[in-house]
Amino acid sequence: MFAFMSLALLVALVFSLFRALRGPTVFDRALASNSIGTGVTLLLIVVGFLNERPDFIDVSLTLALLNFVSTLAFLKFWRHGDLSHVGEEPVE
Amino acid sequence: MIDSVLTLVSWFFVIFGSFFYVVGAFGLIRMPELFTRMHAVSVSETVGSFFIIIAMILQSGWSLNSARLFFILIIFLFSGPFVSHALARAALFAGISPHDMEKEMVEDCTQSYPHSHVSPEEASECNQ
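Note that the structure is predicted; figures quoted are calculated from it, not measured.

Topic: the overall build of chain B
Helices and strands together make up the secondary structure of chain B, namely five helices and zero strands. Among the 128 residues that make up chain B, the fraction classed as buried is 38%. A fraction of 58% describes how many contacts in chain B between residues 6 or more apart in sequence connect residues 24 or more apart. With the model as given, the accessible surface of chain B reaches about 7,600 Å², and the carbon-plus-sulfur share is 69%.

Printed below as a string of C-alpha cells:
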C-alpha cells in the first residue's frame, strides 16, 4: 500500500517538476514549487512508514509549515517588492 | 476481522487519493494558462492529500502518530486555499488577466488556420 502511494506521489512530483522548470511566468513556478512541497511532505510520511520509522512525521510537519510560509513570503515579495510592506491595496 | 476491514477501507482511500493527486499534477502540465492550472492543482491536490492522510491515519491506529497526521491534515486544509488565493491576487496584480489569455488563444487559433489541419468551419467556431 505504501509503495503504491509513493509511486503515485513520485509521478505527481515529476509532473510538478516539469512545470517548475518550464513555466512561462514566475507564478507558474511558485504554484509548482508549492505543489512540490506538498508532495514531498506526503512522500516523507510514506517513506517513514515504509522503513517502519514513523518519526519522519515530525520532519514533515515542519516542512508543511515552512512550505506554506515560504510560498506566502515569495508571493508577497513578488507582489509588493518588499517583505515589510503593510499590504494595502492600490485604489484603481 | 477488524484488521481486514481497516485494510480494505484504507486501500479504498489510497486509490481514491492517489487518483486525485496524479490527475491534479497532470492538469498542472496540460492546462493552457495560469488560472486553469491553479484551479486543477489547488482543488484536486487538497482532496488527494486529504484522502491519503486519512488512509495513513487508519493504518497507524490510535497512537501519537495519528495525532501528528491529523495536525498535518489541518495544515493542508488551511494552506491550500490560502496559497491559491494569494497566488491569484498576486498574478492579477502583476497584470496577468484571464481575459488576455483567452484572446491570445483565439489569435493562435486563427493564425494556425492556413497551414494546419483546422478546417474553416472549425476556425470560425474557434473565433466565437
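A few points about the overall build of chain A
In terms of regular secondary structure, chain A is built from three helices and zero strands. Its helices and strands taken in sequence order, chain A reads α-α-α from the N to the C terminus. Computed over the C-alpha atoms, the radius of gyration of chain A is 16 Å, more than 25% above the 12 Å expected from 2.2 N^0.38 for a compact globule of 92 residues. Overall, the C-alpha framework of chain A stretches about 55 × 30 × 15 Å when taken along its three principal axes. Burial status across chain A gives 41% buried among its 92 residues. Residue pairs at least 24 apart in sequence account for 43% of intrachain contacts in chain A once pairs closer than 6 positions are excluded. When the accessible surface of chain A is split by element, carbon and sulfur atoms take 68% of a total near 5,100 Å². Averaging the coordinates of the 6 positive side-chain charges in chain A and doing the same for the 8 negative ones gives two points 10 Å apart.

Let's talk about the pattern of salt bridges
The full count for this structure, using the stated rule, is two salt bridges over all chains. Among the ionic pairs, B:R37 bridges to A:D28, the shortest N-O distance being 2.6 Å. Of the two residues, B:R37 is situated in helix α2 (residues 34-60) and A:D28 in helix α2 (residues 26-50); the pairing between them involves two chains. Of the two residues, B:R37 and A:D28, both sit in the buried class. Residues A:D58 and B:R68 are paired through a salt bridge, measuring 3.1 Å at the closest nitrogen-oxygen approach. Here the residue A:D58 occupies a position in helix α3 (residues 56-80), and B:R68 occupies one in helix α3 (residues 64-93), the pair thus bridging two chains. Taking the relative accessible area as the measure of exposure, A:D58 reaches 34% and is therefore partly exposed. On the accessibility criterion, B:R68 (18% relative accessible area) is buried.

What about the packing of α2(A) against α3(B)?
Packing of α2(A) against α3(B) leaves a shortest axis separation of 10 Å and a crossing angle of 170°. Classified by the angle their axes make, α2(A) and α3(B) are roughly antiparallel. For the pair formed by α2(A) and α3(B), the contact residues are A:F27, A:A30, A:L31, A:N34, A:T38, A:T41, A:L42, A:I45 and A:F49 on the first element and B:L69, B:I72, B:F76, B:V83, B:L87, B:A90 and B:A91 on the second.

Brief notes about the interface of chain A and chain B
The interface is formed by 42 residues belonging to chain A together with 42 residues belonging to chain B. With both sides pooled, the region where chain A packs onto chain B buries about 3,900 Å², and carbon together with sulfur makes up 82% of that total. Per-residue buried area on chain A facing chain B is highest for A:M1, A:F27 and A:L31; these three make up 18% of the total on that side. Applying the counting criterion to the chain A and chain B interface returns two salt bridges. At the boundary of chain A with chain B, the tally comes to six residue pairs in polar contact (both at pLDDT 80 or more).

Some remarks on α2(B)
With 27 residues, α2(B) extends 38 Å between its outermost C-alpha atoms, agreeing within 8% with the 39 Å of an ideal straight helix rising 1.5 Å per residue. One or two positions beyond α2(B), positive phi appears at B:G61, with a value near 75°.

Some remarks on the packing of helix α1 (residues 2-22) of chain A against helix α1 (residues 2-30) of chain B
At a minimum axis distance of 8 Å, the contact between α1(A) and α1(B) shows a crossing angle of 10°. Here α1(B) runs roughly parallel to α1(A), going by the angle between their axes. Along its contact with α1(A), which presents A:F4, A:M5, A:A8, A:L9, A:V11, A:A12, A:F15, A:S16, A:F18 and A:R19, the element α1(B) presents B:W11, B:V14, B:I15, B:S18, B:Y21, B:V22, B:A25, B:F26, B:L28 and B:I29. Considering only residue class, the contact of α1(A) with α1(B) consists of 17 nonpolar, two polar and one charged.

Points about α3(B)
If you check α3(B), its first and last C-alpha atoms are 43 Å apart, about what 30 residues at 1.5 Å a residue would give, namely 44 Å. Remark: B:G95 follows α3(B) within two positions and exhibits a positive phi of approximately 100°.

Definitions and cut-offs
Residues numbered from 1 in each chain as written. Chains lettered and ligands numbered in written order. Predicted model: local features only at pLDDT ≥ 70, side-chain atom pairs only at ≥ 80, totals over all residues. Heavy atoms only, no water. Helix = DSSP H or I, 4+ residues; strand = E, 2+ residues; numbered from the N terminus. Buried < 20%, exposed > 50% of the residue type's maximum accessible area, 1.4 Å probe, protein only. Contact = heavy atoms within 4.5 Å. Areas by Shrake-Rupley, 256 points an atom, 1.4 Å probe, with all protein chains shown as cover. Rg over C-alpha atoms; globule rule 2.2 N^0.38 Å. Lys, Arg positive; Asp, Glu negative; His and termini not counted. Charge placed at Lys NZ, Arg CZ, Asp CG, Glu CD. Salt bridge = Lys/Arg side-chain N within 4 Å of Asp/Glu carboxyl O. Axes fitted to C-alpha atoms, helices over the stretch in contact; angles between N-to-C directions. Parallel < 35°, antiparallel > 145°, perpendicular 65-115°, else oblique. Buried area = accessible area lost by both parts, 1.4 Å probe. Polar contact = N/O pair within 3.5 Å; in protein donor to acceptor, adjacent residues only side chain to side chain. Expected span 1.5 Å × (residues − 1). Nonpolar A, V, L, I, M, F, W, Y, C, P; charged D, E, K, R; others polar.

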